Amino acid sequence: MATETLSPLGADLVEAMLEVAAHVRGEIELPMRVTQAPETVDVNGIRQRLNLSQRQFADRFGLSLSTVRDWEQGRRNPDRSARILLRVIEREGEAVIRAPRSPQ
């Protein structure tokens, strides 16, 4: 495949797929990264630092309002995936907002 006709992203994707294929065939080892989930997350603190109401926070990050309320009031605890997402929101909230958008 002629990668010179692809966009930089397209060329990167082709290269990545070739690496995956080589890994599956046992030809190369790919590095692994294990994501550590925080044990606890201060949902209210994150939301307050972003200066958002519970509804705004839920809407902005694709969460249900009742879930945000339950987390903040201690009725439920975020699961591992939610704790990771909340940590990313805390550190790079704008990236979470941009991620689902389609390219312009």
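Here is a short report on the structure shown in this document.

Thresholds, definitions, all that
Each chain has its residues counted from 1, following the order in which its sequence is written. Under the rules for a predicted model, residues below a pLDDT of 70 receive no local features and side-chain atom pairs below 80 are neither given nor counted, while totals for whole chains, interfaces and linings still include all residues. Computation of side-chain values: all heavy atoms of the structure, hydrogens and water removed. By definition, any uninterrupted DSSP run of H or I lasting at least four residues is a helix, any uninterrupted run of E lasting at least two residues is a strand, and each is numbered from the N terminus. Radius of gyration means the value over C-alpha atoms here, while the globule rule gives 2.2 Å times the residue count to the 0.38 power. Exposure is judged per residue with a 1.4 Å probe applied to protein chains only, and the accessible area is read against the type maximum: over 50% gives exposed, under 20% gives buried, and values in between give partly exposed. Computed with a 1.4 Å probe, the accessible areas rest on the Shrake-Rupley method; for each residue, only the protein chains presented here act as cover. In summary, the charge assignment counts Lys and Arg as positive and Asp and Glu as negative, without counting His or the chain termini. For charged residues, the charge sits on one atom: NZ in Lys, CZ in Arg, CG in Asp, CD in Glu. Interaxial angles span 0 to 180 degrees and are taken between N-to-C directions of axes, which are lines fitted to C-alpha atoms, for helices over the stretch in contact. Throughout, the term roughly parallel applies to angles under 35 degrees, roughly antiparallel to angles over 145, roughly perpendicular to angles from 65 to 115, and oblique to all others. Each crossing gets its hand from how the near helix is turned against the far one by less than a right angle, where anticlockwise is left-handed and clockwise is right-handed. Only heavy atoms matter for contacts: two residues are in contact if any of them lie within 4.5 Å across the pair. In plain words, nonpolar cores are sets of buried Ala, Val, Leu, Ile, Met, Phe, Trp, Tyr and Cys residues tied together by side-chain atoms within 4.5 Å. By salt bridge we mean one thing: a side-chain nitrogen of Lys or Arg within 4 Å of a carboxyl oxygen of Asp or Glu. Polar here means any residue outside two lists: the nonpolar Ala, Val, Leu, Ile, Met, Phe, Trp, Tyr, Cys and Pro, and the charged Asp, Glu, Lys and Arg; Gly therefore counts as polar.

Our next topic: the overall build of the protein. When you go through the protein residue by residue, the secondary structure sums to five helices and zero strands. When the helices and strands of the protein are read in sequence order from the N terminus, they spell out α-α-α-α-α. Since a compact globule built from 104 residues should have a radius of gyration of about 13 Å, the 19 Å found for the protein marks it as more spread out than a globular shape. Principal axes of the C-alpha set define a box for the protein whose edges measure 55 × 35 × 20 Å. Counting over 104 residues, the protein shows a buried share of 27%. Total accessible area computed for the protein in this model is approximately 8,100 Å², and 50% of it derives from carbon and sulfur atoms. Each charge class in the protein was averaged separately, 15 positive and 15 negative side chains, and the resulting centres sit 10 Å apart.

With their axes 8 Å apart at the nearest point, helix 3 (residues 54-61) and helix 4 (residues 65-72) run at an angle of 120° to one another. Between helix 3 and helix 4, the angle is such that the two are oblique. The element helix 3 and its partner helix 4 pack so that their crossing is right-handed. For the pair helix 3 and helix 4, contact is made by Q54, R55, F57 and A58 and by L65, V68, R69 and E72, respectively.

With that settled, the discussion passes to the nonpolar core. F57, F61, L63, L86 and I89 are the most contacted members of the largest nonpolar core, which has 16 residues in total. Residue assignment for this core shows that the elements contributing at least two residues are helix 2 (43-49), helix 3, helix 4 and helix 5 (80-98). Those residues within four positions of I89 in sequence are excluded, and the remaining contacts are I46, L50, F57, F61 and V96.

What follows deals with the pattern of salt bridges. Here the idea is simple: oppositely charged side chains can pair when their charged atoms come close. Under the definition given, this model contains five salt bridges. Residue E90 is joined to R49 by a salt bridge in which the shortest nitrogen-to-oxygen separation is 3.0 Å. Note that E90 is positioned in helix 5 and R49 in helix 2, a separation of 41 residues in sequence. Two residues, D70 and R75, come together in a salt bridge whose shortest N-O distance is 2.8 Å. Its relative accessible area of 16% is what places D70 among the buried residues.

With their axes 11 Å apart at the nearest point, helix 3 and helix 5 run at an angle of 65° to one another. In this structure, helix 3 meets helix 5 at a crossing whose hand is left-handed. Residues F57, R60 and F61 of helix 3 pack against L86, I89, G93, V96 and I97 of helix 5. Its residues assigned to classes, the contact of helix 3 with helix 5 shows six nonpolar, one polar and one charged.

By themselves these figures say nothing about function.
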